[in-house]
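Close look at the chain arrangement
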Amino acid sequence: MGSLSGPLQDPAADAGWQDPQPRKGFFTDTSICIGCKACEVACKEWNAIPEDGLAMLGSSYDNSEALGASTWRHVAFIEQPAPAAAPGSGRASLPMPTTQRPGDALPPESRTDFRWLMSSDVCKHCTHAACLDVCPTGALFRTEFGTVVVQDDVCNGCGYCVPACPFGVIERREGDEHTKNVGIAQKCTLCYDRLGAGLTPACAQACPTESIQFGDLDELRERAAARAETLRSQGVAEARLYGASPEDGVGGSGALFLLLDEPEVYGLPPDPVVSTRDLPQMWKQAGIAALGLLAGAAATFLGGSR
Ligand code: SF4
Ligand code: SF4
Ligand code: SF4
């Protein structure tokens, strides 16, 4: 087990790789996501993930609800009350990948007063991954690319990883006897099999707007910061980055997001903390308590033998 919290330059080297590759990750720019769900479908097809329910949710136009054992990419649809983009409102038109958006030719006062936020969520491939740290079988491991992968043929289904993840990503698969890997913990592998062959992950490859960008994490961090700055300079004051700081509670994510509102709006925890962060302190206190007990027992024994 490597370090459990704090900034960490190279998680693959920390995990013992002699020849680590540049750390790979995602930058998801939600400002240009169109909610087509091509990423969800591509992930399911490449990884042969079983169907996960097709009913529409009552609360949204979404039908896959959240990340889970059979949804490794999830596109959130958030319909949000918002004022129309009147001159001087502070709200700017985003550069969408079309020549003109529906309604752009209309005057602001005739537009509807809501907006859609769409965001494709995924495992964060945390710098400090509690799912990996608590796994007793070695089913979860850190790859040479710095990503976190679960091996379904090693997982024994104990489920320790499930509550350990601060993002609610990993889950044991449910289903009948015909379902693949029932009871086994499942999540995004960052297409470890494709990376090994020099390919782009299936979800990023399928995204028609380049909302999902894959590459070397150092370069993605710079690209994300530049994009956030560009949007803010265009009047999108709400633009912010999520998961980009190596100083955060999980040591920074391998998956960065550019958001247009608070993380909670997208169902993301505002201040995630790796659940193993306090383990060294807990072990220290348990050791002190054990020494105290031993000292008490020794005193009792010596006192009784007089
Ligand atoms: S987001 Fe959760 S499942 Fe993914 S690496 Fe981090 S702790 Fe593990
Ligand atoms: S990287 Fe691969 S496994 Fe992960 S969400 Fe994308 S397609 Fe699915
Ligand atoms: S494929 Fe790209 S544009 Fe379509 S939902 Fe996914 S992230 Fe959004």
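Look a little higher up for the structure.
A short tour of the structure in this document, coming up. (Residues numbered from 1 in each chain as written. Chains lettered and ligands numbered in written order. Predicted model: local features only at pLDDT ≥ 70, side-chain atom pairs only at ≥ 80, totals over all residues. Heavy atoms only, no water.)

Moving on to the site of ligand 1. The immediate surroundings of ligand 1 are formed by 14 residues, with Cys123, Cys126, Cys131, Cys165 and Lys187 found nearest. A per-class count over the shell around ligand 1 returns 11 nonpolar, 1 polar and 2 charged. (Near = heavy atom within 4 Å. Nonpolar A, V, L, I, M, F, W, Y, C, P; charged D, E, K, R; others polar.)

Taken together, 14 residues form the shell around ligand 3, and within it Cys33, Cys36, Lys37, Cys39 and Cys207 come nearest. Partitioned by chemical class, the residues of the shell around ligand 3 number 9 nonpolar, 4 polar and 1 charged.

On to helix α7 (residues 217-233), then. The terminal C-alpha atoms of α7 lie 24 Å apart, and with 17 residues this matches the ideal 24 Å at 1.5 Å per residue to within 8%. All of the buried residues along α7 are Leu217, Leu220, Ala224, Arg227, Ala228 and Leu231. Mapping the buried residues of α7 onto a view down its axis gives an arc of 100 degrees, with all of them on the same face. For α7, the exposed residues set more than 90 degrees away from the buried face come down to Glu222 and Ser233. Just beyond α7, the residue with positive phi is Gly235, at close to 105 degrees. (Helix = DSSP H or I, 4+ residues; strand = E, 2+ residues; numbered from the N terminus. Expected span 1.5 Å × (residues − 1). Buried < 20%, exposed > 50% of the residue type's maximum accessible area, 1.4 Å probe, protein only. Arc of directions from axis to C-beta.)

With that settled, the discussion passes to the packing of aromatic side chains. Overall, the coordinates contain 6 aromatic pairs when judged by the stated rule. Here Phe26 and Phe214 contribute two aromatic rings whose centre-to-centre distance is 6.3 Å and whose plane-to-plane angle is 65 degrees, an arrangement assigned as edge-to-face. Taken together, the positions of Phe26 in strand β1 (residues 24-29) and Phe214 in strand β8 (residues 212-216) put the pair 188 residues apart, joining distant regions of the chain. Residue classification places Phe214 among the partly exposed positions, given a relative accessible area of 21%. (Phe/Tyr/Trp six-rings, centres within 6.5 Å; stacked < 30°, edge-to-face > 60°.)

Next up on the list: the pattern of salt bridges. Applying the stated rule across the entire model yields 10 salt bridges. Note that Lys24 and Asp216 form a salt bridge whose closest N and O atoms lie 2.4 Å from each other. Pair noted here: Lys24 is in strand β1 and Asp216 is in strand β8, with a separation of 192 residues, a long-range link. When its relative accessible area of 16% is taken as the criterion, Lys24 is described as buried. Glu219 is the partner of Arg223 in a salt bridge, and the nearest nitrogen-oxygen pair spans 2.5 Å. (Salt bridge = Lys/Arg side-chain N within 4 Å of Asp/Glu carboxyl O.)

Here helix α2 (residues 38-47) has its buried residues at Cys39, Glu40, Ala42, Cys43 and Asn47. Along the axis of α2, the buried residues cluster in a sector spanning 165 degrees; they form a single face. Of the surrounding secondary structure, the elements contacted by the buried residues of α2 are β2 (74-81), β3 (114-121), α6 (202-206) and β8. Backbone geometry just downstream of α2 places Ala48 in the positive-phi region, at approximately 50 degrees. (Contact = heavy atoms within 4.5 Å.)

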